[in-house]
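Residue strings, one per chain:
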Amino acid sequence: MNAKQQNICEHFIGLSVLLAFILPHASTPTLIVNPLLCILLKFTCGGKVSVGVKWGVAITLIITAVLMLTDNLTAKAMSRLLVLVIYFLCFPIVGSYRVRNGYLYLCLMLIFISQISYIYHISYITNLIDKYYPISEMWSNSMNYMRANISVDTFSDYRLGGLYRNANQCAKYITVLLAFFLTVNFSQEIKRVLPYIIISFMGVLMTGSRTGFVVLFCIILIFLFRRKDVNKFVKWTLLLAGLVALLVIFINGSDQYRGLNIQQGFANSLAAKNEVLLDYLSHEKSAVRLLFGYMDASLYNASNWTIMSNFDAELGNLVFCYGFVGVLAITIFLVSIYKQTKGKLLLFYAVLLWMVSSTVFSAYRTSFIFLLLSSSLYSSSIEGNKQLYYK
């Protein structure tokens, strides 16, 4: 491939990453554009390396679909499974092309600006978000209340979700961008990546997301520990200081900032999500369903004693929708590509921590973003692309 074709592919991939992050959620264009981009990228800039384990995931998902053909499935469940099969079969979606830092900065800044627009009451931006990123009436009332009361002095009392209108989702995508950015810029001087880290930290801080705070901490920790230019004494000092800080925060909590109230997160949010999963496992009598799932999370009927009526987290969704065989197939896939890259995906894999409280593979947007960015890192590592900054 000549320099011109290389340049075209890099811009096409960069624009695809940008669209994947900023397209309106839960809308028809998003449902169509992401799989379409996946197919186009595969045939124009696709990776050359064959990944055999992806067939295990695809076949498992197809078996689940066949077993559920006679049930009343929603169009959402059928489309989610179809696009997930497409994403896995296309892996690696892209070849060893660089995702330019300009596109990564653009994605992060659009998210960050969408957050601060509520603090500074930039009506032009907030009105655009209201128009093109719709939410339910209940959440709309909450957003209107926040907009009327938030200010520079009181922003810590609210959870700013920006474009995504959801604080956890916003924190998730900020940390995904940070993990990928630090991976591809791993060999750069720390001062060159520091601005991205600072903006990401501020963005997660504004979301008030406990999981986001923990994932951000893990990403930065892995980044520093794997660098050879950081003194060992500094590494261990930072680690111990961080662990002590987390322990103090866990014990004492924080009434002023939700993101630091980790103890409440364990006691309420995570406990409730685990409770729903245990409820399903204790009541399910069909071995076939436990192995291959129901495909549609809306078919789950929670018992009266559970706090939540749905899984609201990746592990529960995957077990219920695709069964333990599906979970095993995806796990084998992730371990396989990690081993093939000789651990170079460790930093990016930190975003999988989101599976304990949010979604990765069972979400339209996140599944595409994760597999697209993983493809770029995987292909660049396997094909030995010198333009990949990671060393």
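### Describing unusual backbone geometry
The omega angle of the peptide bond from Phe 91 to Pro 92 is -5 degrees, so this bond is cis rather than trans. Looking at the element boundaries, Pro 92 is found in the loop between helix H4 (75-90) and helix H5 (101-119). A positive phi angle, close to 55 degrees, is found at Arg 165, a residue other than glycine. On the secondary structure map, Arg 165 appears in the loop between helix H7 (137-149) and helix H8 (167-184). Positioned with a positive phi, Lys 342 is a non-glycine residue whose angle comes to about 55 degrees. On the secondary structure map, Lys 342 appears in the loop between helix H14 (314-340) and helix H15 (346-349). For Lys 342, a relative accessible area of 74% corresponds to the exposed category.

### Things to note about the environment of Pro 24
With respect to the helices, strands and loops of the structure, Pro 24 is situated in the loop between helix H1 (3-22) and helix H2 (28-45). With 341 residues separating them in the primary sequence, Pro 24 and Arg 365 have C-alpha atoms 9.7 Å apart.

### Comments concerning the pattern of salt bridges
Side chains that carry opposite charge are capable of pairing whenever their charged atoms lie near each other. Overall, the coordinates contain 4 salt bridges when judged by the stated rule. Each of the salt bridges in this network shares a partner with another, and the network as a whole consists of Glu 10, Arg 98 and Arg 100.

### Remarks on the packing of H4 against H14
Look at H4 against H14: their axes get within 14 Å of each other, and the N-to-C directions meet at 25 degrees. Our classification of the angle between H4 and H14 gives roughly parallel. Once H4 is placed against H14, the crossing between them reads as left-handed. In this structure, H4 uses Arg 80, Leu 81, Leu 84 and Phe 88 to contact H14, whose residues at the interface are Tyr 322, Ile 330 and Phe 333. Split into classes, the residues belonging to the contact of H4 with H14 amount to 6 nonpolar, no polar and 1 charged.

### Some points on H1
With 20 residues, H1 extends 29 Å from end C-alpha to end C-alpha; this agrees with the ideal 28 Å at 1.5 Å per step. Residues of H1 that are buried: Gln 6, Cys 9, Glu 10, Ile 13, Gly 14, Ser 16, Val 17, Leu 18, Ala 20, Phe 21 and Ile 22.

### Quick word on the packing of H8 against helix H16 (residues 364-382)
Taken N-terminus to C-terminus, the directions of H8 and H16 make an angle of 5 degrees; their axes are 11 Å apart at the nearest point. When the interaxial angle is binned, H8 and H16 end up roughly parallel. Only Arg 365, Thr 366, Ile 369, Leu 373, Ser 376 and Leu 377 of H16 make contact with H8, whose side of the interface consists of Lys 172, Tyr 173, Val 176, Phe 180, Thr 183 and Val 184. Split by residue class, the contact of H8 with H16 holds 7 nonpolar, 3 polar and 2 charged.

Cut-offs and rules
Residues numbered from 1 in each chain as written. Predicted model: local features only at pLDDT ≥ 70, side-chain atom pairs only at ≥ 80, totals over all residues. Heavy atoms only, no water. Helix = DSSP H or I, 4+ residues; strand = E, 2+ residues; numbered from the N terminus. Buried < 20%, exposed > 50% of the residue type's maximum accessible area, 1.4 Å probe, protein only. Salt bridge = Lys/Arg side-chain N within 4 Å of Asp/Glu carboxyl O. Axes fitted to C-alpha atoms, helices over the stretch in contact; angles between N-to-C directions. Parallel < 35°, antiparallel > 145°, perpendicular 65-115°, else oblique. Left-handed = near helix turned anticlockwise from the far one by under 90°. Contact = heavy atoms within 4.5 Å. Nonpolar A, V, L, I, M, F, W, Y, C, P; charged D, E, K, R; others polar. Expected span 1.5 Å × (residues − 1).

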